[in-house]
Amino acid sequence: AQRVTQPEKLLSVFKGAPVELKCNYSYSGSPELFWYVQYSRQRLQLLLRHISRESIKGFTADLNKGETSFHLKKPFAQEEDSAMYYCALKSQTSGGSYIPTFGRGTSLIVHP
Amino acid sequence: EAQVTQNPRYLITVTGKKLTVTCSQNMNHEYMSWYRQDPGLGLRQIYYSMNVEVTDKGDVPEGYKVSRKEKRNFPLILESPSPNQTSLYFCASSRGAAGRYNEQFFGPGTRLTVL
């Protein structure tokens, strides 16, 4: 069965420091991965997706199939990056559809 | 404005009193789902729906029911709520029933307390 693991519940850094939020997955098929972000008192929203290979708000994530990872990185953290981050994997059902599985989330706190 | 709406946003109820949380989307999305968010456990899927009249269980369906009679609505029903269903609930929708690359759009959340 598919699984998404975010090993850190909480990540605390200072402004300007690099940040890496870890995400590991377990899936026998070809993975499609996403990062979602939830700022305080706001709804979850998509941050970036693997297929787009884009940088959003300075964040990037690279799929490493060898290590089954999709870590989220930013070279210089900002206070406004403080939020809850969820890694999600789309996996295929027996019916051919794709269903998302979310990790438990990592709370990022960026101190001034 | 394209969005997912949920009602009510906050609800305090008592054990055993049936309740319904509504979810509606105006984006003509085929896929809709319900999640609960609990500290330390993250997001867990309760039920999902690929399209009208097509629903399936997620990871934690016990104690919940759903229906999908119309494309835009996907209500979550708690027939006999219990305190362990106290949680923050999110509805989400996505374009395409089999969309591998499609992102999910989330509602604002419903904070439910069962006494």
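Anything mentioned here points back to the structure above.
Computed from a prediction, not measured in an experiment: that's the story for all the values here.

About the criteria used
Residues numbered from 1 in each chain as written. Chains lettered and ligands numbered in written order. Predicted model: local features only at pLDDT ≥ 70, side-chain atom pairs only at ≥ 80, totals over all residues. Heavy atoms only, no water. Helix = DSSP H or I, 4+ residues; strand = E, 2+ residues; numbered from the N terminus. Rg over C-alpha atoms; globule rule 2.2 N^0.38 Å. Buried < 20%, exposed > 50% of the residue type's maximum accessible area, 1.4 Å probe, protein only. Contact = heavy atoms within 4.5 Å. Areas by Shrake-Rupley, 256 points an atom, 1.4 Å probe, with all protein chains shown as cover. Lys, Arg positive; Asp, Glu negative; His and termini not counted. Charge placed at Lys NZ, Arg CZ, Asp CG, Glu CD. Pairing = 2+ DSSP bridges. Buried area = accessible area lost by both parts, 1.4 Å probe. Salt bridge = Lys/Arg side-chain N within 4 Å of Asp/Glu carboxyl O. Polar contact = N/O pair within 3.5 Å; in protein donor to acceptor, adjacent residues only side chain to side chain.

A. Focus on the overall build of chain A. Secondary structure summary: chain A contains zero helices and 11 strands in total. Put simply, chain A runs from its N terminus to its C terminus through helices and strands in the order β-β-β-β-β-β-β-β-β-β-β. Relative to the 2.2 N^0.38 estimate, which gives 13 Å for 112 residues, the radius of gyration of chain A is 14 Å and therefore close to what a compact globule would have. Within chain A, the proportion of its 112 residues that are buried is 46%. Put simply, 58% of the contacts in chain A that link residues at least 6 apart link residues at least 24 apart. For chain A, the exposed surface amounts to about 5700 Å²; the carbon and sulfur share of it is 48%. Each charge class in chain A was averaged separately, 14 positive and 9 negative side chains, and the resulting centres sit 7 Å apart.

B. Looking closely at the pairing of strand β6 (residues 54-57) of chain B. Residues and elements named next belong to chain B. Relative to β6, strand β5 (residues 42-51) runs antiparallel, the two sharing four bridges. When the bridges of β6 are listed, Tyr 47 appears paired with Lys 57. Between the end of β5 and the start of β6, which pair antiparallel, lie two residues, with Glu 53 showing a positive phi angle near 65 degrees.

C. A look at the interface of chain B and chain A. The interface is formed by 23 residues belonging to chain B together with 23 residues belonging to chain A. When chain B packs against chain A, close to 2100 Å² is buried across both sides, 53% of that on carbon and sulfur atoms. Residue Arg 49 of chain A pairs with Glu 103 of chain B through a salt bridge whose shortest N-O separation is 3.3 Å. Linking chain B with chain A are seven residue pairs in polar contact (both at pLDDT 80 or more), by the criterion used here. Broken down by secondary-structure element, the contributors of at least two residues to the side of chain B that touches chain A are β4 (31-38) and β5 of chain B.

That is the geometry; function is a separate question.
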